[in-house]
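Here is what each chain is made of, one letter per residue.
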Amino acid sequence: MLRQDSSDDIEDVSLFDADDDVSRRSKKSKIRHPVASFFHLFFRVSAIVVYLLCELLTSSFIACMVTIILLLSCDFWAVKNVTGRLMVGLRWWNQVDDDGRSHWVFEARKVSPQGSKTSSEAESRIFWLGLITCPMIWVIFAFSALFSFKVKWLAVVVMGVVLQGANLYGYIRCKVGSRKNLTSMATNYLGKQFLRQTVAKEDQTAS
């Protein structure tokens, strides 16, 4: 059962599940949901391939644009509603209350009583690598289209950045918790780095 991330005992789904027990590594390395894993990469990789090869395959810009947008839309729906829940136990969605106010909900799968994880290490790698890498590629495409003055492709590229970036942001929020927790983590990290630099300088001065 999924529940909202406001509680503190949600499962900490690590990016690569590297902290799995050694005795369960062989079991965790198996892909439990091969169909979900396939479609997690299929739509987004296909959109990138079509974008790169569209001018070689056809001279119709409209056909290429429609194909890419359809692939991006299918990828957005599949990753948001299916693959995130099955592969890493995360889900984000929008909820409208009785007053008509819109709320964004970020959820993680509840920890089982035995404390065991239900996500596979291999699936977690596939999920996060695909989720992070593809938006970065679309950002590169955006700069390339901008600097090469391919204005007609900017709308397509921006669509790729927005749709895949939205899923990336949503699942990172599911992973780290609320915005307050994210800010706290960043503040703690910067504080630790500043403390380390201060201690290192004092050690060098003392020596």
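Residues numbered from 1 in each chain as written. Predicted model: local features only at pLDDT ≥ 70, side-chain atom pairs only at ≥ 80, totals over all residues. Heavy atoms only, no water.

Student: Whenever I open this one, the pairing of strand β2 (residues 90-96) confuses me. Can you help?
Tutor: Working note: regular strand, side chains alternate between the two faces of the sheet. Relative to strand β3 (residues 102-109), β2 runs antiparallel, the two sharing seven bridges. Counterpart to Val96 in the pairing with β3 is Ser102. Where β2 hands over to β3, the hairpin turn is made up of five residues, of which Gly100 adopts a positive phi near 85°. (Pairing = 2+ DSSP bridges. Helix = DSSP H or I, 4+ residues; strand = E, 2+ residues; numbered from the N terminus.)

Student: Sorry, what's going on with the pattern of salt bridges here?
Tutor: Oppositely charged side chains are able to pair whenever their charged atoms sit close together. In total, this model carries three salt bridges according to the counting rule given. The shortest N-O distance in the salt bridge between Arg91 and Glu107 comes to 2.8 Å. Here Glu107 lies in strand β3 and Arg91 lies in strand β2, a separation of 16 residues in the sequence. With a relative accessible area of 6%, Glu107 lands in the buried category. Measuring nitrogen to oxygen at the nearest pair gives 2.4 Å for the salt bridge that ties Glu121 to Arg125. Residue Glu121 and its partner Arg125 are both found in helix α4 (residues 121-147); the two are separated by four residues, about one turn of the helix. On the accessibility criterion, Glu121 (8% relative accessible area) is buried. The class for Arg125 is partly exposed, based on a relative accessible area of 36%. (Salt bridge = Lys/Arg side-chain N within 4 Å of Asp/Glu carboxyl O. Buried < 20%, exposed > 50% of the residue type's maximum accessible area, 1.4 Å probe, protein only.)

Student: Please explain unusual backbone geometry as it appears in this structure.
Tutor: Leave glycine aside and you will find that most residues have negative phi; peptide bonds, for their part, are mostly trans. A positive phi is found at Phe149, a non-glycine position, where the angle reads about 60°. Examined against the element boundaries, Phe149 turns out to sit in the loop between α4 and α5 (151-176).

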